[in-house]
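# Architecture at a glance
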Amino acid sequence: MLQFLATRQIFALIGPAVLLVFAVTLLLTWNVDRTRRHILYFSSAFFAYCLAATVQIIFVPQDVGLNTLLSALLYLASALLLIEGLAIRAGSRIQRACYIAVVLIVMSAIYYYYYLDNDLVARIYVMNVGAGIIFLAALAWLDGLRKGALADQVLYWVFVLFALHFFPRTLLTINSITPSLDNFARSSFWLALQIVMSMFGVIFGITLLATSAADTIADLRHEKDTDSLTSLFNRRGFEERASRLIAEGEGQRTFISLIACDIDNFKSINDGYGHQGGDMVLRSFARILRETVRDSDLVARIGGEEFVVMLPETDVAGARECAERLRMNLEKARFSALPAARLVTASFGIAEQHEGETIWELVARADRALYAAKRGGRNRCVVDEAPETDQFPGTSSSGPRTLRL
């Protein structure tokens, strides 16, 4: 009999040993990039589960009551750590007071059904149903995963299945649970518990590692497509996304306009106030661009002091109004690295996309209008190829047209 139990213990320890590998791997992953706190929570959840299962399997401490309470507390801690990590990844915060209350209720019930009314079956029901309720309640804070990337969606639905499995598993194994602690280690419920928990643990581990790998790939791609100084898209990132916007608008009769912006006399800023002053101006202008345009607009830095803004579903009149707002907002801005009297201005070229026109053909026309603004005295907006019905006095119907509102 002892040999039989020892063999089952060794078999049961295989699951926690496998999950320990995931715990260590997640910990090493977090150590590479400590900004991802959710990975540390995932690792801690796996460690807590491994410790809880080991406490139960090797039966340390040997006092049954203490063993029961300790393993239950560690299982619950594992659940809460997993939920906390998922909530952080989903961009939400859990109501910890509610979970602390549930944990206290579950632990009190386990204490009662051991020390006051020794009932092993009742303890098993309390623990499994309590865990199921905790996991199901957590879905309220994990909606961000359901709406996220593919890896997040997989993680969400694995979590849903994991939360639901506690109820049918417990109900289907009611007759196999014996009230005797000696026989419990040989029951089908115990074996099913170890197999199912290990299986879900492996699925969770693989999904979490895949999600972390997807994050790393996304970060690398973001760095490749983003200007490090301004955090706007760089030339490569702009081209990819702008071309996609143009392709999506083909045949739908939607307007797409583009604003090309260039900071006036930027070389004199660098020469007079150093690269620190120049960099501050670039970062501040990037911030003005982001805060002035819509979330759906595409903003990029494609050259030293040259920026572009693509405005989907916007005609040239709307783009002209946006450019003028940008011009005035920059003109009113002040910079700590520059004297208070030093104004920073920019010139703007505006063009509306023609049918079949590529992104760089559109940029070239906006640049042509931008150069016309520079020649016209700077700190102004010029529209390329404005329609005759939209003239200002003293302008021509062909070529760039200057706008000063």
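Here, the structure is the one placed above.
This write-up is about the structure you can find in this document.

Criteria and cut-off values
Residues numbered from 1 in each chain as written. Predicted model: local features only at pLDDT ≥ 70, side-chain atom pairs only at ≥ 80, totals over all residues. Heavy atoms only, no water. Helix = DSSP H or I, 4+ residues; strand = E, 2+ residues; numbered from the N terminus. Buried < 20%, exposed > 50% of the residue type's maximum accessible area, 1.4 Å probe, protein only. Contact = heavy atoms within 4.5 Å. Areas by Shrake-Rupley, 256 points an atom, 1.4 Å probe, with all protein chains shown as cover. Polar contact = N/O pair within 3.5 Å; in protein donor to acceptor, adjacent residues only side chain to side chain. Core = buried A, V, L, I, M, F, W, Y, C linked by side-chain atoms within 4.5 Å. Phe/Tyr/Trp six-rings, centres within 6.5 Å; stacked < 30°, edge-to-face > 60°. Patch = residues over 30% accessible without salt bridge, like charges linked within 9 Å, V, L, I, M, F, W, Y side chains within 5 Å. Salt bridge = Lys/Arg side-chain N within 4 Å of Asp/Glu carboxyl O. Expected span 1.5 Å × (residues − 1). Bend = angle between axes of the 7 residues up to and from the residue. Pairing = 2+ DSSP bridges. Axes fitted to C-alpha atoms, helices over the stretch in contact; angles between N-to-C directions. Parallel < 35°, antiparallel > 145°, perpendicular 65-115°, else oblique. Nonpolar A, V, L, I, M, F, W, Y, C, P; charged D, E, K, R; others polar. Left-handed = near helix turned anticlockwise from the far one by under 90°.

Let's shift gears to the overall build of the protein chain. In terms of helices and strands, the protein chain carries 13 helices and six strands. For the protein chain, buried positions account for 46% of its 405 residues. When contacts within the protein chain are restricted to residue pairs at least 6 apart in sequence, those whose partners lie at least 24 apart make up 67%. Counting only carbon and sulfur atoms, one obtains 60% of the accessible surface of the protein chain, whose full area is about 20,200 Å².

Note on placement: Asp 225 falls in helix H9 (residues 188–225). A polar contact of 3.3 Å, which involves the side chain of Asp 225, links it to the side chain of Arg 241.

Our focus in this paragraph is the nonpolar core. Ranked by size, the top nonpolar core spans 53 residues in total, and within it Phe 46, Leu 82, Ile 83, Leu 86, Phe 135, Phe 159 and Phe 204 carry the most contacts. Elements with a contribution of two residues or more to this core: helix H1 (2–32), helix H2 (37–58), helix H3 (64–90), helix H4 (96–116), helix H5 (120–138), helix H7 (150–172) and H9. Of all the elements, H3 adds the most residues to this core, at eleven residues. Not counting chain neighbours up to four residues away, the residues in contact with Phe 159 comprise Leu 82, Ile 83, Leu 86, Phe 135, Ala 138, Leu 139, Leu 142 and Phe 204.

What follows concerns the packing of aromatic side chains. Scanning all chains against the criterion turns up 16 aromatic pairs. An angle of 85° between the planes, with centres 4.7 Å apart, marks the rings of Tyr 114 and Tyr 115 as edge-to-face. Taken together, the ring pairs connect Phe 135, Phe 159, Phe 162, Phe 166, Phe 200 and Phe 204 into an aromatic cluster.

Below, the discussion takes up unusual backbone geometry. The peptide bond linking Val 60 to Pro 61 adopts the cis configuration, its omega dihedral lying at 5°. Its identity as a non-glycine residue notwithstanding, Ser 231 has a phi of 65°, on the positive side. Here Ser 231 shows up in the loop between H9 and helix H10 (235–249). Its identity is not glycine, yet Glu 313 carries a phi of approximately 55°, on the positive side. A residue is classified by how much of its surface remains accessible, and Glu 313, at 66% relative accessible area, is exposed.

Right, let's get into a nonpolar patch on the surface. On the surface, Leu 20, Val 24, Leu 27, Leu 28 and Phe 47 cluster together to form a nonpolar patch covering roughly 390 Å² of accessible area. Among the elements that line the nonpolar patch, the one with the most residues is H1, at four residues. Counting through the fold element by element, Leu 28 comes out in helix H1.

Attention shifts here to helix H11 (residues 266–292). Compared with an ideal rise of 1.5 Å per residue, which puts 27 residues at 39 Å, H11 spans 21 Å between its outermost C-alpha atoms and falls more than 12% short. At Gly 274, H11 shows its largest bend, some 130°.

With that settled, the discussion passes to the pairing of strand S3 (residues 306–312). Among the seven residues of S3, seven are classified as buried, and the element is accordingly described as predominantly covered. Burial along S3 is two-sided: the residues Glu 306, Val 308, Met 310 and Pro 312 and Phe 307, Val 309 and Leu 311 are all buried. Sheet topology places strand S1 (residues 256–263) next to S3; seven bridges connect them, and they run antiparallel. What sits directly across from Ala 260, in S3, is Val 308. Note: strand S2 (residues 298–301) against S3, four bridges, orientation antiparallel. Counterpart to Ala 300 in the pairing with S3 is Val 308. Linkage of S2 to S3, two consecutive antiparallel strands, is achieved through a turn of four residues.

Closest axis-to-axis distance for the H10/helix H13 (residues 359–375) pair is 9 Å, and the angle between their directions is 110°. Considering the angle they form, H10 stands roughly perpendicular to H13. Only Ile 359, Trp 360 and Val 363 of H13 make contact with H10, whose side of the interface consists of Arg 235, Phe 238, Glu 239, Ala 242, Ser 243 and Ile 246. Here the residues of the contact of H10 with H13 are counted per class, giving six nonpolar, one polar and two charged.

Turning to the side chain of Thr 68, a few remarks are in order. Residue placement: Thr 68 occurs in helix H3. Under the relative-accessibility criterion, Thr 68 is labelled buried at 15%. If near-sequence neighbours (up to four positions away) are discounted, Thr 68 is found in contact with Ile 110 and Arg 123.

Below, the discussion takes up the packing of H2 against H3. Look at H2 against H3: their axes get within 8 Å of each other, and the N-to-C directions meet at 165°. Judged by the inter-axis angle, H2 sits roughly antiparallel to H3. At the point where H2 passes H3, the crossing takes the left-handed sense. Residue classes in the contact of H2 with H3 are distributed as 16 nonpolar, seven polar and three charged.

Looking now at the pairing of strand S4 (residues 346–352). The element S4 is largely enclosed, with a buried count of seven among its seven residues. Residues Ala 346, Phe 348, Ile 350 and Glu 352 point to one face of S4 and Ser 347, Gly 349 and Ala 351 to the other, with burial holding for every one of them. Sheet analysis places S1 next to S4, joined by seven bridges and oriented antiparallel. Across the sheet, Ile 259 pairs through a bridge with Ile 350, a residue of S4. With three bridges connecting them, S4 and strand S5 (residues 381–383) associate as parallel partners.

Next up on the list: the pattern of salt bridges. Enumeration over the complete set of coordinates arrives at 21 salt bridges. A salt bridge links Arg 365 to Glu 357, with the nearest nitrogen and oxygen atoms 2.7 Å apart. As far as the burial class goes, Arg 365 and Glu 357 line up, both buried. Taken together, the shared-partner salt bridges connect Asp 225, Arg 236, Glu 240, Arg 241 and Arg 244 into one network.

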